[in-house]
Amino acid sequence: MNAPVKIETTLKDWETDQEVRWCPGCGDYAILKAVQRTLPQLGADPANTVFISGIGCSSRFPYYVESYGFHTIHGRAPAFATGAKLANPDLDIWLVTGDGDGLSIGGNHLMHVLRRNVNMQIMLFNNEIYGLTKGQASPTSREGTKSPSTPIGSYDHPARPAAFALGAGARFVGRGFDVSKHLPDVLKAAHAHQGAAFIEIFQNCIVYNKDVFNDFAAPKGAEDQQLWLENGKPMLFAKDAKGIALDRDKLELKVVDVVDGDWEAAGVIVHDVTNRSIAHMLVEMPFGPFPMALGVLYDDPRPTFEAAVMAEKAAASQGKEANLAKLLGKGQTWTVDGTAQDPV
């Protein structure tokens with residue numbers, strides 16, 4: 001594949017003339033602006049960029065980005081995105097989905113695009129509810145969530161998107177939230193990754209699940225509950241007063257106090273984005289006793305699906321003549337003379 005040519009654009013170049021139609025205060029507005037601000041920094045080309053979505057509030061995204069876009073059907077965006085990437089591997093593809101679209105009817109498709117490692121950025125907006133269809137419990141809704149489909153409280157154990165992605169074989173897993181100033185950094189890291197880059201974005205549904213993430217994602221005052229991970233840096237949070245260490249006897253993570261800034265003495269782990277075992281532990285950390293792990297949790301590239309497909313096609317066609325008539329005549333054939341009125 002040819003390396004994409006970087007061009008100069010501004011935020012305005014990525015804004016469409018379409019009326020942005022989300023509820024006032026919806027977290028999707030902040031995510032849209034974060035993406036539109038990030039694309040110029042990536043040197044992205046609108047003529048080579050494609051946003052593909054399924055069904056749901058998040059899936060209106062392609063209408064609001066001045067690039068190519070495809071608003072597909074419920075849960076099937078990964079299949080469309082895979083087809084587009086195989087048809088033209090040079091395309092820069094962003095897949096937009098939600099916790100209902102991507103983890104319910106679309107769970108099977110999402111699993112396969114991750115395990116195949118198709119080169120694209122996958123943004124899953126997680127608001128722990130079905131927003132577009134009026135507030136039913138979703139696969140990520142917490143136990144006890146009251147909704148039209150669970151009026152006395154959900155008894156389902158919620159799915160964890162980042163854990164699902166790791167389990168499906170994703171080679172990049174990141175996390176952020178809608179109003180975070182660090183979200184563009186996660187998007188940039190995902191774009192730099194060659195392969196399926198999965199980003200879970202916690203998103204506030206202002207109508208049906210308002211402020212459900214406020215304990216760690218409020219615009220102000222929740223910083224002490226955020227563990228922002230950076231490769232090669234110690235896992236510190238709460239203004240560096242606390243950190244994450246490994247209990248080697250139990251082989252599990254634990255929170256430790258950091259005295260006088262001496263994180264090494266406290267046993268705080270230095271983040272290694274290629275350590276898959278620690279990434280699994282990070283996504284499974286229960287919030288409350290632990291902070292919410294955010295940023296790039298895992299990043300360890302391997303060859304992409306489309307590269308393998310292109311290589312196989314090239315090997316299969318090497319030294320062969322492109323002759324359709326010869327191909328059609330291969331094997332058992334019959335030559336018929338005459339006409340129906342005068343058969344021979």
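So, a few notes on the structure that sits alongside this text.

Side note on helix α1 (residues 27–42)
Working note: α-helix, 3.6 residues per turn, so residues spaced by three or four point in the same direction.
Working step 1: Given a rise of 1.5 Å per residue, 16 residues ought to cover 22 Å, and the 23 Å separating the end C-alpha atoms of α1 matches this to within 8%.
Working step 2: Buried residues in α1 make contact with β1 (49–53), β3 (92–98), β4 (120–126), α6 (183–192) and β6 (196–202).
Working step 3: Trailing α1 by a residue or two, G43 shows a phi angle of about 70 degrees, which is positive.

Things to note about the side chain of T304
Working step 1: Counting through the fold element by element, T304 comes out in the loop between β11 (292–299) and α9 (305–317).
Working step 2: At a separation of 3.3 Å, a polar atom in the side chain of T304 contacts the side chain of E306.

Topic: the packing of helix α2 (residues 77–87) against α9
Working step 1: Close contact between α2 and α9 brings their axes to 10 Å; oriented N to C, the two are set at 45 degrees. By the angle class used here, α2 and α9 are oblique. The interaxial crossing formed by α2 with α9 has right-handed handedness. Taking contact as the criterion, the partners of T82, K85 and L86 in α2 are, on α9, F305, E306, V309 and M310.
Working step 2: Partitioned by chemical class, the residues of the contact of α2 with α9 number 4 nonpolar, 1 polar and 2 charged.

Notes on the pattern of salt bridges
Working step 1: On inspection of all chains with the given rule, the structure shows 9 salt bridges.
Working step 2: Between K12 and E15 there is a salt bridge; the shortest N-O distance is 3.6 Å.
Working step 3: Classification of K12 by relative accessible area gives exposed; the value is 63%.
Working step 4: Using a relative accessible area of 23% as the deciding quantity, one classes E15 as partly exposed.
Working step 5: One salt bridge connects R142 with E128, and the closest N-O pair in it is separated by 2.8 Å. Placement of R142 in the loop between β4 and α5 (161–167) and of E128 in the loop between β4 and α5 is noted, with a sequence separation of 14 residues between them.
Working step 6: Judged by its relative accessible area of 34%, R142 falls in the partly exposed class.
Working step 7: Owing to a relative accessible area of 9%, E128 belongs among the buried residues under this scheme.

Here's the deal with unusual backbone geometry
Excluding glycine, a negative phi dihedral is what most residues carry, and trans is how most peptide bonds are arranged.
Working step 1: Non-glycine residue L251 carries a positive phi angle of around 50 degrees.
Working step 2: Non-glycine residue D260 carries a positive phi angle of around 55 degrees.
Working step 3: Along the chain, D260 falls in the loop between β10 (252–257) and α8 (276–284).

What about the sheet that holds strand β5 (residues 172–177)?
Working step 1: With mixed pairing, the 8 strands of this open sheet are ordered in space as β2-β1-β3-β4-β6-β5-β11-β7. Strands with a single pairing partner mark the edges of an open sheet, and in this sheet they are β2 (68–71) and β7 (226–229). When strand polarity is set aside, the average angle formed by the axes of neighbouring strands in this sheet is 20 degrees.
Working step 2: Pairing analysis gives 7 bridges linking β4 to β6, with the strands arranged parallel. Looking at the pairing, I122 lines up with F198 of β6.
Working step 3: Strands in contact with α1 are β1, β3, β4 and β6; relative to β4, the strand with the most contacts, it is inclined by about 160 degrees.
Working step 4: Here helix α4 (residues 107–116) sits on the sheet and contacts β4 and β6; the angle it forms with β4, its principal contact strand, is near 145 degrees.

Re the pairing of β10
Working step 1: Where strand β9 (residues 242–247) meets β10, 6 bridges bridge the pair, whose relative direction is antiparallel. Looking across to β10, one finds that L246 is bridged to L253.
Working step 2: Between the end of β9 and the start of β10, which pair antiparallel, lie 4 residues, with L251 showing a positive phi angle near 50 degrees.

Parameters at a glance
Once a new chain begins, its residue numbering starts again from 1 and follows that chain's sequence as written. Whole-chain, interface and lining totals are the exception, using all residues; otherwise, since this is a predicted model, local features are given only for residues with pLDDT of at least 70 and side-chain atom pairs are given and counted only at 80 or more. Just so you know, side-chain values use all the structure's heavy atoms and leave hydrogens and water out. A helix here means a DSSP run of H or I that spans at least four residues, while a strand means a run of E at least two residues long, and both kinds are numbered starting from the N terminus. To estimate the expected span of a helix, count its residues, drop one, and scale the result by 1.5 Å. Contacts are assigned to residue pairs that have any heavy atoms within 4.5 Å of one another. Polar contact is defined as a pair of N or O atoms within 3.5 Å, subject to the rule that within protein one atom must be able to donate a hydrogen and the other to accept it, and that residues adjacent in sequence are counted only when both atoms are side-chain atoms. Axis angles are defined between N-to-C directions and span 0 to 180 degrees, where every axis is a line fitted to C-alpha atoms and, for a helix, only to the segment in contact. Each angle receives one of four descriptions, namely roughly parallel if under 35 degrees, roughly antiparallel if over 145, roughly perpendicular if within 65 to 115, and oblique otherwise. Left-handed describes a crossing whose near helix is turned anticlockwise from the far helix by less than a right angle; the clockwise case is right-handed. Ten residues, namely Ala, Val, Leu, Ile, Met, Phe, Trp, Tyr, Cys and Pro, are considered nonpolar, four, namely Asp, Glu, Lys and Arg, are considered charged, and the remaining ones, Gly among them, are considered polar. We define a salt bridge as a side-chain nitrogen of Lys or Arg found within 4 Å of a carboxyl oxygen belonging to Asp or Glu. Burial classification: accessible surface area is computed with a 1.4 Å probe over protein chains only, and a residue below 20% of its type maximum counts as buried, one above 50% as exposed, and the rest as partly exposed. One requirement defines pairing of two strands: DSSP has to find at least two bridges between them.

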